[in-house]
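Overview (structure and organization)
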Amino acid sequence: MTKEELMRKAIELSVKNVAEGGGPFGAVIARDGEIVAVGTNRVTSDHDPTAHAEVSAIRAAARKLNTFDLSGCEIYTSCEPCPMCLGAIYWAHIDRMYYGNSKRDAAAIGFDDAFIYEELELKPEDRRLKSEVLLPEEALKAFRDWEGKADKVEY
């Protein structure tokens, strides 16, 4: 399939998802022009705030390919990803991203992620989400164990 056909599929998924009561987002993961997996926004239907289209597609592709490394794949998403999805795309090692609507388009209909980007620029103590460092020395045990583990699978 061409890039345009794959993007049209992501857009088609987003339109269908709205008709079925979900959010206006769809995503396709492809490799060598073939669809590996698709995802739609399932936040309200799954009662899962992380079930965005891109994350849903990444989860499906990783299961199908039996790997957490999606190198060699591309993602086609109906809208520019939010910070969480963009992070997931990077963590999945997806080679390239294509998107239709911009984050400004999403903000115009009530999906404004600007505050998250702004929060990330702040020091933790200045963020709206209050946080506190607690038991850091105890927490380091797992990091030390990981660092010394000879048979770890790095990601």
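What you see is a predicted model, and the numbers here were worked out from it, not measured in a lab.

Time to look at the packing of aromatic side chains. Here the structure, examined in full by the defined rule, presents four aromatic pairs. For the ring pair Tyr76 and Tyr98, a centre distance of 4.7 Å and an interplane angle of 10° mean the geometry is stacked. Linking Tyr76 in strand E3 (residues 74–79) with Tyr98 in strand E4 (residues 96–101), this pair joins segments that are 22 residues apart in sequence. With respect to burial, Tyr76 and Tyr98 carry one shared label: buried. Residue placement shows Lys103 over the ring face of Tyr117; its charged tip is 4.6 Å from the ring centre.

Where nonpolar side chains cluster on the molecular surface, the patch consists of Phe68, Trp146, Val153 and Tyr155 and spans about 490 Å² of accessible area. Tracing the sequence through the fold places Trp146 in helix H7 (residues 136–148).

With that settled, consider the UniProt feature "domain: CMP/dCMP-type deaminase" (unreviewed entry) in the chain. Here the UniProt-annotated "domain: CMP/dCMP-type deaminase" (unreviewed entry) positions come out as residues 1–112. Structurally, residues 1–112 is divided into 44% helix and 22% strand, and its ends, taken at the C-alpha atoms, are 32 Å apart.

The rules behind each value
- Residues numbered from 1 in each chain as written.
- Predicted model: local features only at pLDDT ≥ 70, side-chain atom pairs only at ≥ 80, totals over all residues.
- Heavy atoms only, no water.
- Phe/Tyr/Trp six-rings, centres within 6.5 Å; stacked < 30°, edge-to-face > 60°.
- Helix = DSSP H or I, 4+ residues; strand = E, 2+ residues; numbered from the N terminus.
- Buried < 20%, exposed > 50% of the residue type's maximum accessible area, 1.4 Å probe, protein only.
- Lys NZ or Arg CZ within 6 Å of the ring centre and 35° of its normal.
- Patch = residues over 30% accessible without salt bridge, like charges linked within 9 Å, V, L, I, M, F, W, Y side chains within 5 Å.
- Areas by Shrake-Rupley, 256 points an atom, 1.4 Å probe, with all protein chains shown as cover.
- Salt bridge = Lys/Arg side-chain N within 4 Å of Asp/Glu carboxyl O.
- UniProt positions renumbered as here; feature names shortened; annotations may be inferred.

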